[in-house]
Amino acid sequence: MATISRILLGAAVCGSFCSVTVSAEAIQPAATVPGPVAGTVMTPGYAEAVGQLAYAWGWPLVNMHNRRAVYSQVPQIALLGPTPVAPLNELAMLNDYIDPNVKIVAHPNQDVVYGFGALALDKEPVVIQVPDFGDRFWLYQVADQRTDSFARLGTVHGTKPGFYLLVGPNWQGETPKGISGVFRSPTHTGVVIPRAFMADTATDRAAIQPVLSEVMMYPLSRFDGTMQRTDWSKLQALPLPKTEGDSKGELSWVTPKRFFSDLNAVLAEVPPLPGEEALYGQFKALIAAGEQDPAIARVLAEVAERAEQQIVDPLFLLNNNGVRLAHGWTRPLNNAKWGTDYLTRLAVAKSNIFENGVDETSYIFAEHDGAGQRLSGAHQYSLTFAKGQTPPVTGFWSLTMYDKYHFFATNALKRYSTGTKNKSLKYNTDGSLTLYVQHEQPSADKLDNWLPAPAGEFAMTLRAYGPKPELVNASWAPPAIVRAAK
């Protein structure tokens, strides 16, 4: 302030007879403190405003924080209900499509054989085995605590068989001989989710088993340079834990009443992205105020409950996920590369967490027909791809049916998706492909192309693995879902 005062005084004395040069350095403010100065009084209204932003920003990271906490208690590689689970820094695989009764992760599919592993890279780096998949399409999703991908492993990346090392942000060790590549995570917590395409045939189910046995992840200390194997068909089943939340939907990973306590831990374990320092300062000051002032604590408890209902819950609807396309479809365009797109990161974390990267898989959603009406099993629909206009992919595509909770819709045919994996699809005489979407079984000539729907409201997702450029940039969009006249 004294420097600025002297400059102004000099200018007044000189008047029109002299000039004063003011350097940019002279008027720069002192280094700013990110967020309020410690001890600054915080009003309930301000706490409410910052608390809402903190909830929207932090929900996906708290979700991942709590998943790691659960997996830290897993005693062995096993099945938790129908879902593969493993201790931290290990991985479990299925040996078939995921069970239709899965509830731990919403919005699964039955085109691939899944695996899952939770990372704790602060404990030790981990080795991922990549077997020789041959011509089979495969991907390993490797995501950090922000649910951003940090490794590129899969058919679309031309990855060769071998051993790959995942390390934490501060690891400075030596890379052992025999490691084909190293990927550094910006956070210690993350996930690894292998996906390998499997056709819906007995022949391919048998053919994929030797490859699946070599899909493994383990701590670096167990690496010996040889391809380790596990028979995934022999996993022991563990009982599902009791959880809070709606039993019809996904298991609850974020609890509003504990949110700000969990967020405090997240702020300590996840470094800010460039430019996020001020956000961190605001959130830390908010949490500190809540710890010191019972009135602010009450505000935060109320904010968390309201934010869950008013901010997070509406993003469960796929119609609110990403950008709008023609004919009522929506899609994110930056899957697993959220950066500071907090809105889409939250929407995906709530509705269908753990998406592959945008250049690996396109996810296109429908909850409405082409006329804008909510999809319901009370009606019959058709979806027709013109000749040569099925989703443009280098891998495969599918259309998956979900109930309103984003889980599989139970049906007598046990068909939950259709697409490349189904070898019995029948094309029309003009080369087009029509899929029939309805609750009641259609006539025999349409049965092979029938995607069974539940009796009530439903949603569908079109997945395109190995999307071609016109899918990545959204210049290709699906045709309209047409409701049949009664």
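Above this text you will find the structure in question.
Residues numbered from 1 in each chain as written. Predicted model: local features only at pLDDT ≥ 70, side-chain atom pairs only at ≥ 80, totals over all residues. Heavy atoms only, no water.

Draft legend 1. Region of the structure containing the overall build of the protein chain. Within the protein chain one finds 8 helices and 22 strands. Dimensions of the protein chain, computed from the C-alpha atoms along their principal axes, are close to 95 × 60 × 50 Å. When burial is assessed residue by residue, the protein chain has 52% of its 486 residues classed as buried. Here the contacts in the protein chain between residues at least 6 apart in sequence split such that 72% fall between residues at least 24 apart. Carbon and sulfur atoms make up 54% of the accessible area of the protein chain, which totals about 21,600 Å². Charged side chains of the protein chain number 41 positive and 44 negative; the gap between the two group centres comes to 3 Å. (Helix = DSSP H or I, 4+ residues; strand = E, 2+ residues; numbered from the N terminus. Buried < 20%, exposed > 50% of the residue type's maximum accessible area, 1.4 Å probe, protein only. Contact = heavy atoms within 4.5 Å. Areas by Shrake-Rupley, 256 points an atom, 1.4 Å probe, with all protein chains shown as cover. Lys, Arg positive; Asp, Glu negative; His and termini not counted. Charge placed at Lys NZ, Arg CZ, Asp CG, Glu CD.)

Draft legend 2. Representation of helix H6 (residues 294-312). For H6, built from 19 residues, the straight-helix expectation of 27 Å at 1.5 Å per residue is met to within 8% by its first-to-last C-alpha distance of 26 Å. Where H6 is concerned, the buried positions are Ile-296, Val-299, Leu-300, Val-303, Ala-304, Ala-307, Glu-308 and Val-312. Residues of H6 that are buried in the fold lie against helix H2 (44-71), helix H4 (259-269), helix H5 (277-292) and helix H7 (342-352). Measuring from the side-chain oxygen of the N-cap residue of H6 to the backbone nitrogen of Ala-295 gives 2.9 Å; that N-cap residue is Asp-293. (Expected span 1.5 Å × (residues − 1). Polar contact = N/O pair within 3.5 Å; in protein donor to acceptor, adjacent residues only side chain to side chain.)

Draft legend 3. Seen up close, the packing of H5 against H6. The N-to-C vectors of H5 and H6 enclose an angle of 120 degrees; their axes lie 5 Å apart at closest approach. By the angle between their directions, the pair H5 and H6 is classed as oblique. Crossing handedness for the pair H5 and H6: left-handed. Counted together, Leu-286, Ala-289, Gly-290 and Gln-292 of H5 and Pro-294, Ile-296, Ala-297 and Leu-300 of H6 form the full contact between these two elements. Looking at side-chain class alone, the contact of H5 with H6 contains 6 nonpolar, 2 polar and no charged residues. (Axes fitted to C-alpha atoms, helices over the stretch in contact; angles between N-to-C directions. Parallel < 35°, antiparallel > 145°, perpendicular 65-115°, else oblique. Left-handed = near helix turned anticlockwise from the far one by under 90°. Nonpolar A, V, L, I, M, F, W, Y, C, P; charged D, E, K, R; others polar.)

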